[in-house]
Amino acid sequence: MRQLFTIILAFMTTVGFAQLKPVKSGAYHWSEFSVKKSNDRESRFIMEGSSPHFEYLEIHATTQHKGAKPNPIKSNPDKEEVIIVKEGLIKISVNDQHMTMGPGGVLLLLPQSTHILENVGEGDASYYVMGYRSKKPMDLKRGLSAGGSMLFNPDSLEMKASSRGGGRAYFDRPTAMCENFEMHVTRLDQKGPSHDPHQHVDTEIILVISGQTEMTIDGKEYKAGPGDLYFMESNFMHGVRNATDEPCMYFAYKWR
């Protein structure tokens, strides 16, 4: 009986993923995200679907109010996550690692890693959560060999100057779900492009931290400010620009 239930559950899961529509390229704005509220937190739905490399991709944002009780410690058996702190102060515990992070803090969370997040600041703490499953079989050994789950505090990462501003590298490595996953922050000090328009097999997200930006994706024009993000489908021509003479800064992360 248990074996039959497992087969049915696996079939239903496969069918559910097959019905997910691909996430479309474009700009996704913080002010337009639907909000679900409870006593001590808020959740904002951003996107859910599939991509060329992921059978399942979901992004949401969580806001824990001051004094919010953290959810129980848990682990994801077959899902990987990237968590980015937007505001506030979050204490993150992953397996035997512990770190308190402010804005720009990042957690790369491999499947089967125990974790808990707690607001330890004097105000709200918000963070983005990107969860995903690859179309190819999960390779946990590959992810562990590349460094396992990792915590990054931006204060410990060098902002290297460039001709247009600067950049801060977070990671560039294989994971349990990705042949390669790369993340960095770019700062543009003046109006204009970060680089010439280009395309690649990797799917990419740009998450705006500060300032005003513009993006061309597959010939279409978009705008985004702090808290907003752009999604670029695999092999779509794209290019991001600082829209003003005031500095802007954004996360760029891509995977295959």
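Here the residue index of a chain counts from 1 through its sequence in written order. In keeping with the model being predicted, local features are shown solely for residues with a pLDDT of at least 70 and side-chain atom pairs are shown and tallied solely at 80 or more, while totals for entire chains, interfaces and linings include all residues. Computation of side-chain values: all heavy atoms of the structure, hydrogens and water removed.

1. Topic: the sheet that holds strand β14 (residues 181–188)
Strand pairing is assigned whenever DSSP detects at least two bridges linking the two strands. The helix count covers DSSP runs of H or I at least four residues long, the strand count covers runs of E at least two residues long, and both are numbered beginning at the N terminus. Pairing is antiparallel in the open sheet, where seven strands are placed in the order β1-β19-β16-β21-β14-β13-β12. Single-partner strands in this sheet number two, and they are β1 (26–28) and β12 (160–161). With eight bridges connecting them, strand β13 (residues 165–173) and β14 associate as antiparallel partners. Note that in β14 the partner of Gly166 across the bridge is Arg187.

2. Considerations on the side chain of Thr213
When you line up the elements, Thr213 lands in strand β17 (residues 213–217). A distance of 2.9 Å separates a polar atom in the side chain of Thr213 from the backbone oxygen of Ala224. Counting of polar contacts relies on pairs of N or O atoms within 3.5 Å, with two restrictions inside protein: one atom must be capable of donating a hydrogen and the other of accepting it, and residues adjacent in sequence are counted only when both atoms are side-chain atoms. Engagement of the side chain of Thr213 in a polar contact is seen with the side chain of Tyr230, the distance being 2.8 Å. By definition in these notes, contact holds between two residues if any of their heavy atoms fall within 4.5 Å. Setting aside residues up to four positions removed in sequence, Thr213 forms contacts with Val208, Tyr222, Lys223, Ala224, Tyr230, Val240, Arg241, Ala243 and Cys248.

3. Examining empty space enclosed by the protein
Here the term cavity refers to a set of points on a 1 Å grid, laid over the protein atoms alone, in which a 1.4 Å probe fits but cannot get out; the term pocket refers to an open set having protein on both sides within 12 Å along at least five of seven lines, with lining residues being those that place an atom within 4 Å of a point. Grid points are joined across faces, edges and corners, and a volume is the space filled by probe spheres set on the points. All chains considered together, the criterion is met by one cavity of 30 Å³ or more. Its boundaries defined by the atoms lining it, the largest cavity holds a volume of some 30 Å³. Forming the walls of the largest cavity are Ile59, Val82, Ile84, Tyr128, Val129, Met130 and Tyr253. Among the elements that make up the lining of the largest cavity, the one with the highest residue count is strand β10 (residues 125–134) (three residues). Looking at the lining of the largest cavity, its residues break down into seven nonpolar, no polar and no charged. Note on residue classes: Ala, Val, Leu, Ile, Met, Phe, Trp, Tyr, Cys and Pro are nonpolar, Asp, Glu, Lys and Arg are charged, and everything else, Gly too, is polar.

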